[in-house]
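Okay, here's what each chain looks like letter by letter:
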Amino acid sequence: MKSSNPVLSRLGQAAERERTAGYGLGEPYPSGPGYAAAPPVAQPMTIDDVVVKTVILLGITGISAIAAWNLIPDSMAGAAWIGAALVGLVLGLIISFSRMANPVLVVAYAVIEGAFVGLVSEAFESFYNGIVLQAVVATFGVFFLMALLYKSRVIRATPKFTKGLIAVMGGLFMIMLLNFVLSLFGVHTGIRDNGAIGIIFSIVCIVVASLSFILDFDQIEQGVRMGLPQRYSWTCAFGILVGLIWLYLEILRLLSYLQGSSRD
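Residues numbered from 1 in each chain as written. Predicted model: local features only at pLDDT ≥ 70, side-chain atom pairs only at ≥ 80, totals over all residues. Heavy atoms only, no water.

### Some words on the overall build of the chain
Working step 1: Per the secondary structure count, the chain includes eight helices and zero strands.
Working step 2: Secondary structure elements of the chain, listed N to C terminal, follow the sequence α-α-α-α-α-α-α-α.
Working step 3: Counting every position in the chain, which comprises 264 residues, the buried fraction comes to 41%.
Working step 4: Residue pairs at least 24 apart in sequence account for 82% of intrachain contacts in the chain once pairs closer than 6 positions are excluded.
Working step 5: On the chain, roughly 14000 Å² of surface is accessible, and the fraction owed to carbon and sulfur atoms is 71%. (Helix = DSSP H or I, 4+ residues; strand = E, 2+ residues; numbered from the N terminus. Buried < 20%, exposed > 50% of the residue type's maximum accessible area, 1.4 Å probe, protein only. Contact = heavy atoms within 4.5 Å. Areas by Shrake-Rupley, 256 points an atom, 1.4 Å probe, with all protein chains shown as cover.)

Following this line, the structure appears as structure tokens:
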């Protein structure tokens, strides 16, 4: 089965190569005199596998966030969160474009991003009391709403929807990267400031991050149907974790804008 999701397509190609190499999902393997011992049979991925791996990654991220919040001194917080952001970005790109599922890299990503999220959350909480809890509740609320909309087929990952959303996500990433580079030279575009432009940009990011879960759910569903090996559940869980972290940070930022405006 061919998928319009490029990440899923790469996973499918990897699984197909494993089948061709003899590491099939339950296919008969020749045995007897003159044949080597049969290779281990890879168990197919299930939705339960993805759920378990997602819970594990969320737990690791949460523990790392709490540890960074409480253990890293304020004098080192700035350098620590910048370093965590850069390392997390590199790991995320490696995992996203890799053709093989690597649980070690995925867990490392959860640890690094957890530290980044913890430090950012601490900074926001110091200015806006209770904002972190509000953002967490809103994030999981949106996630379960998107799961419901996908399950009821209100929103479906059609090829046109998938290509369009991936293009928008790429555009947003480039805009944020350009904005970051310009900020280093003292140029402020306003998309990350507390103003009309900043609020609109954050809302757009929240909508896109929310819709990205539709791609994740479709990837999981098709991956199970394609019979991907069980270890690819780590890759699927990674996709959900990335979406949750992005959504959480954008909601956190938007809430800070709204609370900051109410104080003025």
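Further notes follow.
### Re the packing of helix α3 (residues 74-97) against helix α4 (residues 103-127)
Two measures define how a pair of helices packs: the angle their axes make with one another and the distance between the axes.
Working step 1: Relative to each other, α3 and α4 sit at 145°, their axes nearing to 8 Å. The chirality of how α3 crosses α4 is left-handed.
Working step 2: Across the contact of α3 with α4, the residue classes break down as 17 nonpolar, two polar and three charged. (Axes fitted to C-alpha atoms, helices over the stretch in contact; angles between N-to-C directions. Left-handed = near helix turned anticlockwise from the far one by under 90°. Nonpolar A, V, L, I, M, F, W, Y, C, P; charged D, E, K, R; others polar.)

### Considerations on the pattern of salt bridges
Working step 1: Per the stated rule, a full pass over the model turns up three salt bridges.
Working step 2: Among the ionic pairs, glutamate 221 bridges to arginine 225, the shortest N-O distance being 3.9 Å. A residue pair is termed a helical-turn pair when its members lie 3 or 4 positions apart in one helix, as glutamate 221 and arginine 225 do in helix α7 (residues 196-226) at four residues.
Working step 3: Taking the relative accessible area as the measure of exposure, glutamate 221 reaches 27% and is therefore partly exposed. (Salt bridge = Lys/Arg side-chain N within 4 Å of Asp/Glu carboxyl O.)

### So, empty space enclosed by the protein
Working step 1: For the structure shown, the criterion picks out one cavity of 30 Å³ or more.
Working step 2: Here the largest cavity is characterised by a volume of approximately 30 Å³.
Working step 3: Lining the largest cavity, in full, are Ile95, Ser98, Met100, Ala101, Asn102, Leu105 and Thr235. (1 Å grid on protein atoms, 1.4 Å probe; cavity = no way out; pocket = protein on both sides within 12 Å on 5 of 7 lines; lining within 4 Å. Points joined across faces, edges and corners; volume = space filled by probe spheres on them.)

### A word on the UniProt feature "transmembrane region" (unreviewed entry) in the chain
Working step 1: Mapped onto this structure's residue numbering, the UniProt feature "transmembrane region" (unreviewed entry) falls at residues 50-72, 78-97, 104-121, 127-149, 161-185, 197-215 and 236-258.
Working step 2: Span residues 236-258 is 100% helix and 0% strand, its end C-alpha atoms 33 Å apart. (UniProt positions renumbered as here; feature names shortened; annotations may be inferred.)

### Concerning the packing of aromatic side chains
Working step 1: Taken as a whole, this structure holds eight aromatic pairs when the rule is applied.
Working step 2: With a centroid separation of 5.8 Å and 45° between ring planes, the pair formed by tryptophan 81 and phenylalanine 116 is classed as tilted. Of the two residues, tryptophan 81 is situated in helix α3 and phenylalanine 116 in helix α4; the sequence distance between them amounts to 35 residues.
Working step 3: Residue class for tryptophan 81 comes out partly exposed when judged on its relative accessible area of 37%.
Working step 4: Here phenylalanine 116 falls in the buried class, since its relative accessible area comes to 11%.
Working step 5: Pairing phenylalanine 143 with phenylalanine 213 gives two aromatic rings, centres 5.0 Å apart and planes at 85°, and the pair type is edge-to-face. Here phenylalanine 213 lies in helix α7 and phenylalanine 143 lies in helix α5 (residues 131-151), a separation of 70 residues in the sequence. We note that phenylalanine 143, like phenylalanine 213, is buried.
Working step 6: Through successive ring pairs, a cluster of aromatic residues spans Phe143, Phe144, Tyr150, Phe213 and Phe217.
Working step 7: In this structure, arginine 153 packs its charged tip against the face of tyrosine 150, placed 4.9 Å from the ring centre. (Phe/Tyr/Trp six-rings, centres within 6.5 Å; stacked < 30°, edge-to-face > 60°. Lys NZ or Arg CZ within 6 Å of the ring centre and 35° of its normal.)

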